[in-house]
Amino acid sequence: MEIVAQILGIVALVIAISSMIFKKKPVIMMCLTIYNVLTLISYLLLGQYLGCILVGVATLRSFTYFIFALKNIKQNIYV
């Protein structure tokens, strides 16, 4: 499983780097959400459950920002 986690980490890194070349915010946020999901899966495969929790929170945050960017809504202060 370690090799699969390493491959997922490399794919996640490529997606994170490629997200920097895009201009539109929804596309960038979608790439970062995919990056977080792949990182979450790689942590899960390695058995790093605390990392899963931390990246899970980051995934929820990036998905929330993706929804707000997609609908072109300004975030509230509590978001």
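Placed above this text is the structure.
A brief report on the enclosed structure follows. Quick caveat, the model's predicted, so the values are computed rather than measured.

Throughout the structure, instances matching the rule amount to one aromatic pair. With a centroid separation of 6.3 Å and 40° between ring planes, the pair formed by Phe 63 and Phe 66 is classed as tilted. Taken together, the residues Phe 63 and Phe 66, both in helix H3 (residues 49-70) and three residues apart, mark about one turn of the helix. Take Phe 63: its relative accessible area is 42%, and that puts it in the partly exposed class.

A few words on helix H1 (residues 2-18). Here H1 is 17 residues long and its end C-alpha atoms lie 24 Å apart, about the 24 Å a rise of 1.5 Å per residue gives. Along H1, the residues that are buried comprise Ala 5, Leu 8, Ala 12, Ile 15 and Ala 16. Along the axis of H1, the buried positions cluster into a sector of 95°, meaning they face one direction only. Facing away from the buried side of H1, by more than 90 degrees, are the exposed residues Ile 3, Ile 7, Ile 10 and Val 14. The inward-facing, buried residues of H1 contact helix H2 (25-46).

With 22 residues, H3 extends 31 Å between its outermost C-alpha atoms, agreeing within 8% with the 32 Å of an ideal straight helix rising 1.5 Å per residue. The set of residues buried in H3 consists of Gly 51, Cys 52, Val 55, Ala 58, Thr 59, Ser 62, Phe 66, Phe 68 and Ala 69. On the buried face of H3, the contacting elements are H2. Count one or two residues on from H3 and you reach Asn 72, which has phi positive near 60°.

Calculation notes
Residues numbered from 1 in each chain as written. Predicted model: local features only at pLDDT ≥ 70, side-chain atom pairs only at ≥ 80, totals over all residues. Heavy atoms only, no water. Phe/Tyr/Trp six-rings, centres within 6.5 Å; stacked < 30°, edge-to-face > 60°. Helix = DSSP H or I, 4+ residues; strand = E, 2+ residues; numbered from the N terminus. Buried < 20%, exposed > 50% of the residue type's maximum accessible area, 1.4 Å probe, protein only. Expected span 1.5 Å × (residues − 1). Arc of directions from axis to C-beta. Contact = heavy atoms within 4.5 Å.

Honestly, that's just the spatial picture; any functional story needs more than this.
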